[in-house]
Each structure stands twice: as structure tokens, then as C-alpha cells.
Amino acid sequence: MSEIATQTDPVKDSELVERAQNGDTKAFDELVRRYTPRLYALVYNMTSNREDTADLLQDIFAKAYRSLKRFMGKSSFYTWIYAIGVNMTLNFLKKRGRYYKVSLDDVDTGIENDPEFIKVTTSNNGTLRDVNINELQKRLNEAMMKLSEDHRTVVTLYDIQGLQHSEISKILNVSEGTVRSRLFYAHRQLQSYLEDFVK
Amino acid sequence: MSDFEHIQNLIRLKRHEKPDDSFVENFLTEFHQRQREDVLKRSARSLVWERFTTYFSDFFSPKWAYACVGAAAAIALTFFALNPAPKASGDARQAIAKSESMTPTEAPQVAEAPKTPTSTPKDNFGVELPFIGFAPEGVDIEPLLISRHFAGGYGDERMHAISGSTLGTDLIGIPFDEAKESSAAAEQH
């Protein structure tokens, strides 16, 4: 995603960042518009709570705005802001501890055409199984919340957001081997939590 | 398809969970409002402090902490290597001078003579030696030092003064009188 997606945008991130660094608030607004959906997905899938996600996003962009002058462009802007987002979300989760309330987001209607959703909702003999979207959504969220924070982060970045191992290793400041190892153990855990959907 | 791939595809369904379309614009409006409120609410001191901590947050990574600890240790080692021994205090020097004075009657004379060294003597290794006082006038100190050297720290005068005790022997344990007789017999042979 990311690199390719940002390159196809009409104005490059680097140009917007430079303008924002020189005091152009409209340029920063454009960066907020561009990255809000992606960061929202990141934070929401780590917290499973809509209100927390909205509050954290405000804090993440506020911090990014304050720190923008010190962004030297050594990494891409999306790596930089993702790193801020991941760190702030992990700090928030540590403070929140185990006391949280899951609130589900709206599910895009496009899910009904997703081959995996069709596969899940269709049994071997071709009849529809009694699995509705909300139940599946709830089960997936519960399974994600059973993972440790580190494992949940790599699953969110790799499986849901589609980032590469190398990009994740830069964001989390760990080796690619660590990313692969965390993914392996996370998938194994998810397999046991969701085994009735997998079989 | 392996079970792992199936799990990945299943988890990927979470991409369809999205906020509604108006979320981004509402979020941006709220972001601007919060920024304005933030500036009005907070004191200048807290804003300065936050800028300060934000600026230094990147510097306090573990590798910098290790570097700082290493540098501090190197400075401490260098300091102690250049200053190996603590200086003796004035009281300690005076106590040493008193204990080393030759006779109780001479000690006050030494104390009365207000002669102080202009510099502290040092040995070949640069270590400061304790000042033990000046010899009284008219006393030749050289024979005294030589006798101390060969008699293991005691002058011959003092050795003879206590020769009536078990110390009236030579260095290998033979009494002085017997040693003289045996050396005379050896000369006659």
C-alpha cells in the first residue's frame, strides 16, 4: 500500500510536509485528510473502541504537528506518522490495562462481495451458514483483543493494512525476523480462537 | 490454501470496518477546535515544557543512555587515575611527627621550631610522603638512618639498650656473647 498509494496522490507527501513546515496550515490539513482513514484503521484495530480511537487520533495529529519541524525526511512521512501512532496507541493501551469496552464500527457493505466472507458464510454443500456480519465482526474483534499488544500490532499492520515486513520493521524499530516471528505466533493463536470459522 | 492463509484472509475482512464518510471532515474541524482550545487553556510554561520534552524525546534512546553512562565511567576512571591517594590532613601529619620524635624531651623543641616545609616531599612514584618533622640542630642523622636500614628499622643504640632481654641475639638467633667466642675460636684454628 503506502509507498505506491502516496506516489499516486496528486501532491506528494514530501511537498505537503515542506509547505507545512514553512507554516502552511492548509498543507497540514491535507496530510490529516490523507492519513486519517489509514491511522483510524490502525488505532481502531488495536483498541477496538471508537471513542478511544477518535481521541487518540486527535492526540497523534497534534503531536505530529508539534514535531513536524524536526521531521528531516530521512524516512517517508507515512513511516514517521505511523511510528507516532503505534507508540501513542501502545502507551494508551498500557495505561488502559484490561478495562475496556468493545464498540464495533460500521461494516462496509462491500464485505458481502468479499470472497472470504462468502466462503465463511457458505458451507461445503453450498448452503448459507448461520453467520451474520455482526457476529463475525464481534468474533474477529474478540480474537484480536486476546492477542498481546505486540502481536496485535503486527497483525494490524500486515494483515489488515497490507504493509510489508520491511516497512513494519522500520515503524516498530525491530528486525524483520522479529516481525515474522510475531506474525507466526499471532496467526497460530488466531487459528485456535477462530477454528470454527477456519474449518 | 493453508490454514494460515485462511486466517489471514479472515482477518483481512476487518478492512471493511470503517467509520462513516463524514468522519474525516468532522475530525478535521474538531482538530482545529482542539488546537485553539489547547493554546488558550494551557499556560506558557506548560507549552514551553512540552516543546522542550518533545524536542529531547528522540535523544533519550537506550543507545544514548549507554553512551552517557560509558562516558561518565571513563571520566571517573581518568580522575581517579590522576589522583590516586588522598592528601593527609594537617592533624594526621602532626600526630605522625609526634610519634616519630626521638625523645619526649626533644619533641617540644621540634614543635617550638616554626619550620614548615615549602613543599611536600614525594617518592619516585609521585606519591606524597608524610612530613615527620625536622631533626634537632647538631644531630647527625646519616648514621642513624644507615643503622636503621641494616638493623631492620631499629638503631644499634636501641638494640644494645635492650640486649638484656631475648633480643640480645644477632640476626640469626645466636646470642652476641656466644657469637663472639665462636668467631675467636675459628680465628685460632
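All values derive from a computational prediction rather than experimental measurement.

**Q** Please explain the overall build of chain B as it appears in this structure.
**A** Check the secondary structure of chain B and you find nine helices and zero strands. A total of about 15200 Å² of accessible surface is found on chain B, and carbon and sulfur atoms cover 61% of it.

**Q** Explain the interface of chain B and chain A here, please?
**A** How big an interface is tends to be stated in terms of accessible area lost as the parts join. Taken together, the contact between chain B and chain A spans 33 residues of the former and 48 residues of the latter. Both faces considered, chain B and chain A share a buried interface measuring about 3900 Å² in area, 63% of it formed by carbon and sulfur atoms. Where chain B meets chain A, there are three salt bridges. A salt bridge links Asp159 of chain A to Arg12 of chain B; its shortest N-O distance comes to 4.0 Å. Applying the counting criterion to the chain B and chain A interface returns nine residue pairs in polar contact (both at pLDDT 80 or more).

**Q** Before we go on, may I ask you to explain the environment of Phe77 of chain A in this structure?
**A** All names here are of chain A. Mapping Phe77 onto the fold places it in helix H5 (residues 77-96). Overall, the relative accessible area of 5% leaves Phe77 in the buried class. Sequence separation of Phe77 and Leu31 is 46 residues, and the distance between their C-alpha atoms is 9.5 Å. Non-local contacts of Phe77, meaning those with residues more than four positions away in its chain, are made with Asp13, Val17, Leu31, Tyr35, Leu68 and Phe71.

**Q** I keep staring at unusual backbone geometry and nothing clicks. Help me out?
**A** Residues and elements named next belong to chain A. Of note, Ser48 is a non-glycine position whose phi angle comes to about 60°, a positive value. Owing to a relative accessible area of 0%, Ser48 belongs among the buried residues under this scheme. The backbone of Asn173 sits at a positive phi, close to 60°, despite the residue not being glycine. Relative to the elements of secondary structure, Asn173 occurs in the loop between helix H9 (165-172) and helix H10 (176-193). Judged by its relative accessible area of 69%, Asn173 falls in the exposed class.

**Q** I'm lost on the packing of helix H2 (residues 13-21) of chain A against helix H3 (residues 25-47) of chain A in this one. Help?
**A** Helix-helix packing: each pair is described by the crossing angle between the helix axes and the interaxial distance. Residues and elements named next belong to chain A. In the contact formed by H2 and H3, the axes pass within 8 Å of each other and the chain directions differ by 140°. Classified by the angle between their axes, H2 and H3 sit oblique to one another. When the axes of H2 and H3 are compared, the crossing they make is left-handed. Where H2 approaches H3, its residues Asp13, Leu16, Val17, Arg19 and Ala20 are matched on the opposing element by Ala27, Phe28, Glu30, Leu31, Arg34 and Tyr35. Counted by class, the contact of H2 with H3 contains seven nonpolar, no polar and four charged residues.

**Q** Quick question: what am I supposed to make of the confidence of the model for chain A here?
**A** Low pLDDT means the predicted coordinates in that region are not meant to be read closely. The predicted model of chain A averages 85 in pLDDT, with 88% of residues at 70 or higher. Ignoring residues within four places in sequence, the model shows residues 1-7 of chain A, a span with pLDDT below 50, making 14 contacts including any to other chains.

**Q** Just checking my understanding: could you explain the packing of aromatic side chains for this structure?
**A** The relative placement of two aromatic rings is captured by the distance of their centres and the angle of their planes. Residues and elements named next belong to chain A. As enumerated under the stated definition, the model contains 14 aromatic pairs over all chains in all. Between Phe77 and Trp80 the ring centres are 5.7 Å apart and the planes differ by 40°, which places this aromatic pair in the tilted class. Remark: Trp80 and Phe77 occur in helix H5; sequence separation between them is three residues, near one turn of the helix. The burial state of Phe77 is the same as that of Trp80; both residues are buried. Taken together, a centroid distance of 5.9 Å and an interplanar angle of 80° make the contact between Tyr78 and Tyr82 edge-to-face. Highlighted residues: Tyr78 and Tyr82, both in helix H5, separated by four residues, approximately one helical turn. Looking at Arg38, its charged tip hangs above the ring of Tyr35, at a distance of 5.0 Å from the centre. Across the ring face of Tyr193, the terminal group of Lys146 is positioned such that the distance to the ring centre comes to 5.0 Å.

Parameters and conventions
Residues numbered from 1 in each chain as written. Chains lettered and ligands numbered in written order. Predicted model: local features only at pLDDT ≥ 70, side-chain atom pairs only at ≥ 80, totals over all residues. Heavy atoms only, no water. Helix = DSSP H or I, 4+ residues; strand = E, 2+ residues; numbered from the N terminus. Areas by Shrake-Rupley, 256 points an atom, 1.4 Å probe, with all protein chains shown as cover. Contact = heavy atoms within 4.5 Å. Buried area = accessible area lost by both parts, 1.4 Å probe. Salt bridge = Lys/Arg side-chain N within 4 Å of Asp/Glu carboxyl O. Polar contact = N/O pair within 3.5 Å; in protein donor to acceptor, adjacent residues only side chain to side chain. Buried < 20%, exposed > 50% of the residue type's maximum accessible area, 1.4 Å probe, protein only. Axes fitted to C-alpha atoms, helices over the stretch in contact; angles between N-to-C directions. Parallel < 35°, antiparallel > 145°, perpendicular 65-115°, else oblique. Left-handed = near helix turned anticlockwise from the far one by under 90°. Nonpolar A, V, L, I, M, F, W, Y, C, P; charged D, E, K, R; others polar. pLDDT = per-residue confidence, 0-100. Phe/Tyr/Trp six-rings, centres within 6.5 Å; stacked < 30°, edge-to-face > 60°. Lys NZ or Arg CZ within 6 Å of the ring centre and 35° of its normal.

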